[in-house]
Amino acid sequence: MEDLTTRSGQTTAEFEGAAFIEDGSRIAGMLRVLPGTLEFKPNVADQHPIQLPLDNLEISAGGNQNRLIYFKNPARTGISLYTTDRSILKEQSLQRPALQPAIKKIVGGHRRVKAGYWTLLIATLGILAAAWMGRGLVFQAAIDSIPPEAEIKLGELVEKNLTSTMSVIKDPVVNEGVETITRPLTEVAESPLPFTFHVVQHQEVNAFAIPGGSIFIHSALIEKANSAEEIAGVMAHEMAHVIHRHGMQLMVRRIGLYVLIGAMFGDTQGLIAALADQGGFLLSQKFSRDFERQADETGFKILVAANIDPSGMLTFFERIKEIQEEQMSDTEQSAMAIMGTHPATEERIEFIRSKIQELPEDRNFRKIPLDIQKIQRRISLPE
Ligand SMILES: [Zn+2]
């Protein structure tokens, strides 16, 4: 929404966005709607602006929660521009009849996302039925039918419960660093839920996702990372747990359906009691091998789509495994603490390695523009 400040005077409104160009790379910049063209000006001065004619312009929504508005034109194949700022659709020059159906579809679709309580009720009945009928696929389908709004509401309660016992790092340098790492990922990830990232002070190397889309990163994980790409690898994995709603499935199994349904309908007492009773079960709960495999697979896809080198995922898991093995032989009781919720097994490492080998040999990735050591120094400072 930074365009609002430049809207004053005679300047044309600018919308923060990015361009995907032919070689698959992504450039950040600003979009402007001019009378006959959509113009993209890269933030880096030595790169040329891109113009897409408004004639035959294709407009669509995509990405996380359909937050991104994409622009393409068959006249410039291989190029797509996007912004998350929906107000661009109100620009005068886009109000031509040929573009109206696409714009109406996006605006209408966005409205439909805010589903009513009927959906919630029907979904709830669906879960109940599935719970009676059994588990497996039916169970997964029932989880998928829970409206994102309901999971978000539940997530807020879980988050409140967690953050009351944890020290959340508020240092803007640290949080902007995490944002630099995760923004390219959240922009390309198709997710029913929005993502939020919190760094918490903790000496175990770990990260975890809770229902609703919040992802917690232990400070020790950032301290032990050798590059921003390694952290991105873990984040993509956690985002995949959110996308597949693994945390929600665990909660339904663990806390029970009736308590959760009550919470979704506003009776939160039961859930709060259950959370207090079970303590930090979400921190210690291990996902199944299948969930981990699924999260690795989806996480890998997110990294490649975001143009971030997935080797970071591999090197980090390899190091975690080494530390795990060292500690095992140490006879120290903290043995499995490191990434205990997502064990870096040989099987997972092999899987990621084989996925990397499947990539075309000339595939290049962009470097995440972040000085990781600066973030690490900030984290190790006493608060
Ligand atoms: Zn995991």
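Just above, that's the structure.
Residues numbered from 1 in each chain as written. Predicted model: local features only at pLDDT ≥ 70, side-chain atom pairs only at ≥ 80, totals over all residues. Heavy atoms only, no water.

Observations concerning the overall build of the chain
Argument step 1. Of regular secondary structure, the chain possesses 16 helices and 10 strands.
Argument step 2. Every one of the 383 residues in the chain was classed for burial, and the buried ones make up 48%.
Argument step 3. Put simply, 63% of the contacts in the chain that link residues at least 6 apart link residues at least 24 apart.
Argument step 4. For the chain, the exposed surface amounts to about 19,000 Å²; the carbon and sulfur share of it is 54%. (Helix = DSSP H or I, 4+ residues; strand = E, 2+ residues; numbered from the N terminus. Buried < 20%, exposed > 50% of the residue type's maximum accessible area, 1.4 Å probe, protein only. Contact = heavy atoms within 4.5 Å. Areas by Shrake-Rupley, 256 points an atom, 1.4 Å probe, with all protein chains shown as cover.)

Points about helix H8 (residues 228-243)
Argument step 1. Taking 1.5 Å of rise per residue, the 16 residues of H8 would be expected to cover 22 Å, and the 22 Å separating its terminal C-alpha atoms lies within 8% of that figure.
Argument step 2. With 16 of 16 residues buried, H8 lies mostly within the body of the structure. (Expected span 1.5 Å × (residues − 1).)

Considering the pattern of salt bridges
Argument step 1. A full pass over the atoms with the stated rule returns 16 salt bridges.
Argument step 2. When the shortest N-O distance is used, the salt bridge between arginine 348 and aspartate 296 registers 2.7 Å. Here arginine 348 is found in helix H15 (residues 346-358), whereas its partner aspartate 296 is found in helix H13 (residues 289-305), with 52 residues between them in sequence. Summarising the burial analysis for this pair, arginine 348 and aspartate 296 share the class buried.
Argument step 3. Each of Glu292, Asp296 and Arg348 takes part in salt bridges that share partners, so that together they form one network. (Salt bridge = Lys/Arg side-chain N within 4 Å of Asp/Glu carboxyl O.)

So, the environment of asparagine 364
Argument step 1. Relative to the assigned elements, asparagine 364 resides in the loop between H15 and helix H16 (372-380).
Argument step 2. In this structure, the C-alpha to C-alpha distance between asparagine 364 and isoleucine 308, residues 56 residues apart in sequence, is 8.9 Å.

Notes on the pairing of strand S3 (residues 37-42)
Argument step 1. With 5 bridges joining them, strand S2 (residues 26-33) and S3 adopt antiparallel strand pairing. If you follow leucine 31 over to S3, its bridge partner there is phenylalanine 40.
Argument step 2. The hairpin turn running from S2 into S3, its antiparallel successor, is 3 residues long.
Argument step 3. When S3 meets strand S4 (residues 50-53), the two strands line up antiparallel, connected through 4 bridges. Following the sheet pairing, leucine 38 is matched in S4 by leucine 52. (Pairing = 2+ DSSP bridges.)

Overview of unusual backbone geometry
Argument step 1. Positive phi, close to 55 degrees, is recorded for arginine 245, a residue that is not glycine.
Argument step 2. On the secondary structure map, arginine 245 appears in the loop between H8 and helix H9 (246-255).
Argument step 3. Classification of arginine 245 by relative accessible area gives buried; the value is 3%.

Overview of the pairing of S2
Argument step 1. Burial runs high along S2: 6 of the 8 residues are buried.
Argument step 2. Bridging between strand S1 (residues 15-20) and S2 involves 6 bridges; their strand directions are antiparallel. Opposite glycine 17, over in S2, you have glycine 29 as the bridge partner.
Argument step 3. Hairpin connection of S1 to S2: 5 residues between the antiparallel strands, including glycine 24 at a positive phi of 90 degrees.

Describing the packing of aromatic side chains
For any pair of aromatic rings, geometry is given as the distance between the ring centres together with the angle between the planes.
Argument step 1. For the coordinates displayed, the defined rule picks out 3 aromatic pairs.
Argument step 2. Taken together, a centroid distance of 5.6 Å and an interplanar angle of 40 degrees make the contact between phenylalanine 20 and tyrosine 82 tilted. Of this pair, phenylalanine 20 sits in strand S1 while tyrosine 82 sits in strand S7 (residues 80-83), and the two are 62 residues apart along the sequence.
Argument step 3. Classification of tyrosine 82 as buried rests on a relative accessible area of 2%.
Argument step 4. Between phenylalanine 208 and phenylalanine 216, the aromatic rings sit 5.2 Å apart at their centres with planes inclined by 10 degrees, giving stacked as the arrangement. Of the two residues examined, phenylalanine 208 and phenylalanine 216, each falls in the buried class.
Argument step 5. By the ring-pair criterion, three or more aromatic residues cluster together here, those being Phe20, Tyr70 and Tyr82.
Argument step 6. The aromatic ring of phenylalanine 351 is capped on one face by arginine 293, whose charged end is 4.1 Å from the ring centroid.
Argument step 7. Just above the ring of phenylalanine 317 sits the side chain of arginine 348; from NZ or CZ to the centre is 4.5 Å. (Phe/Tyr/Trp six-rings, centres within 6.5 Å; stacked < 30°, edge-to-face > 60°. Lys NZ or Arg CZ within 6 Å of the ring centre and 35° of its normal.)

A look at the nonpolar core
Argument step 1. Leu185, Ile222 and Met235 are the most contacted members of the largest nonpolar core, which has 47 residues in total.
Argument step 2. Sort the elements by how many residues they give to this core and H8 lands first, with 9 residues.
Argument step 3. Dropping the residues within four chain positions of it, isoleucine 222 is found in contact with Val178, Val199, Ile217, Ile231, Ile372, Ile375, Gln376 and Ile379.
Argument step 4. One finds Ile27, Phe40, Phe71 and Ile103 within the second-largest nonpolar core, a separate group that totals 24 residues. (Core = buried A, V, L, I, M, F, W, Y, C linked by side-chain atoms within 4.5 Å.)

A short note on the sheet that holds strand S9 (residues 207-209)
Strands belonging to one sheet form pairs held by backbone hydrogen bonds; the direction of such a pair is parallel or antiparallel.
Argument step 1. Within the open sheet, the 3 strands sit side by side as S8-S10-S9. Their pairing is mixed. Among the strands making up the open sheet, the edge pair consists of strand S8 (196-200) and S9. The average angle at which neighbouring strand axes cross in this sheet is 20 degrees, direction not considered.
Argument step 2. Alignment of S8 against strand S10 (residues 214-218), held across 5 bridges, turns out to be parallel. Bridged to threonine 196 within S10 is serine 214.
Argument step 3. Docked against the sheet, helix H6 (residues 172-188) engages S8 and S10, running at close to 145 degrees with respect to S8.
Argument step 4. Helix-sheet contacts for H8 involve S8, S9 and S10, and the interaxial angle to S9 is about 20 degrees. (Axes fitted to C-alpha atoms, helices over the stretch in contact; angles between N-to-C directions.)

From the geometry alone we can't say anything about function, so treat these as descriptive.
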